[in-house]
Structures are given as structure tokens and as C-alpha cells.
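The primary structure of each chain is shown beneath.
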Amino acid sequence: DATAAIGHYEQGLALTPGNGLRWVELGKLREASGDVDGAIEAYDQGCFLVDRGKNGCPRAAALYMTNGDYELAAERYRTSMRQLPGWLPARRGLANALIAMDRVDEAMPHLTILAENGDGSAREQLQELRQGER
């Protein structure tokens, strides 16, 4: 029962609000129940409580991207990259958010790093963007 589980997580977090991973679990439950705003709120808490970078920040960012809030998505991906340097999925998300905001020049270095690390779609995207500059 997702509703009961959400209630239990909320009760637990009222007692120990500093547990980033529990905030992420609450976010997953809220997202699964269709509460996108509540999920973002919980994921953001996980992000700010430094849950090792792979959880709250990119999950919040993905929902911000879905909602069209690319600036907040980019900020969450940047936070994830600070928490977990070298984690390529956060770099990919940041590149996508920057491109969505028509900030291609800022996205190019990220795409280059992704391509250098074997991301074929980044390599193709770079090629397309460079051809578009001509």
C-alpha cells in the first residue's frame, strides 16, 4: 500500500529529517503514486542532504526536465556532478538541459567529454551541432 508507506516514511523523516536516502525513497513512492510535485520536493531534500549524487539530484532534475523547468534541472545536474565528480549520467543530463535552453555552446564541452568516454549518441549529437554551425 503506497499511501501507507508514504505515511510511514513521512513519520520517520519527521524524526530523522537528515537522511537523504530516505527522502529519495519517499520521492520514489510519491512519484509512483502520481504526486510529481511531492516527488520533486522529496528528491530535492535528498539532493541537498548529499545522498551520494546518484539519487535525489538526478531524479529531481529528470522531473524538472519533464515539467520544462530546464534551469532547475541543470542546477540539480550540476549539484550531482559536484557530489559525484565523473558520473557521466549527470553530465549527460546537464548537456540535455543546456540544449533545451538553447545554450548549445555551454553544452558542447559536456558532450565532448561524453563522446570521449564512449557515448556514441553524444558523438552523433556533437556532429549534428557542429554541422548546424556551418
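Not measured: the values here are computed from a predicted model. (Residues numbered from 1 in each chain as written. Predicted model: local features only at pLDDT ≥ 70, side-chain atom pairs only at ≥ 80, totals over all residues. Heavy atoms only, no water.)

Engineer: How should I be thinking about the environment of Glu133 in this particular structure?
Structural biologist: Position of Glu133 relative to the elements: it lies in helix 8 (residues 120–133). Sequence-wise, Glu133 and Arg76 are 57 residues apart; in three dimensions their C-alpha atoms are separated by 29 Å. When near neighbours in sequence (up to four residues on either side) are disregarded, Glu133 contacts Asp105 and Met108. (Helix = DSSP H or I, 4+ residues; strand = E, 2+ residues; numbered from the N terminus. Contact = heavy atoms within 4.5 Å.)

Engineer: It is not clear to me how the side chain of Arg92 should be interpreted in this structure. Could you clarify?
Structural biologist: Inspection of the secondary structure assignment puts Arg92 in helix 6 (residues 88–100). Classification of Arg92 by relative accessible area gives buried; the value is 16%. Each residue touching Arg92, except ones within four places of it in the same chain, is listed here: Leu111, Leu114, Asp119, Ser121, Ala122 and Gln125. (Buried < 20%, exposed > 50% of the residue type's maximum accessible area, 1.4 Å probe, protein only.)

Engineer: What should I look at first to understand the state of the cysteines in this one?
Structural biologist: Working definition of a disulfide: a covalent bond connecting the sulfur atoms of two cysteines. Applying the stated criterion across every chain, the model contains one disulfide. The disulfide partner of Cys47 is Cys57, and the gap between their sulfur atoms is 2.0 Å. Around the S-S axis, the bridge from Cys47 to Cys57 shows a dihedral of about 85 degrees and counts as right-handed. Here Cys57 lies in helix 4 (residues 56–66) and Cys47 lies in helix 3 (residues 36–48), a separation of ten residues in the sequence. Taken individually, Cys47 and Cys57 each receive the classification buried, so the pair is uniform in this respect. (Disulfide = S-S within 2.5 Å.)

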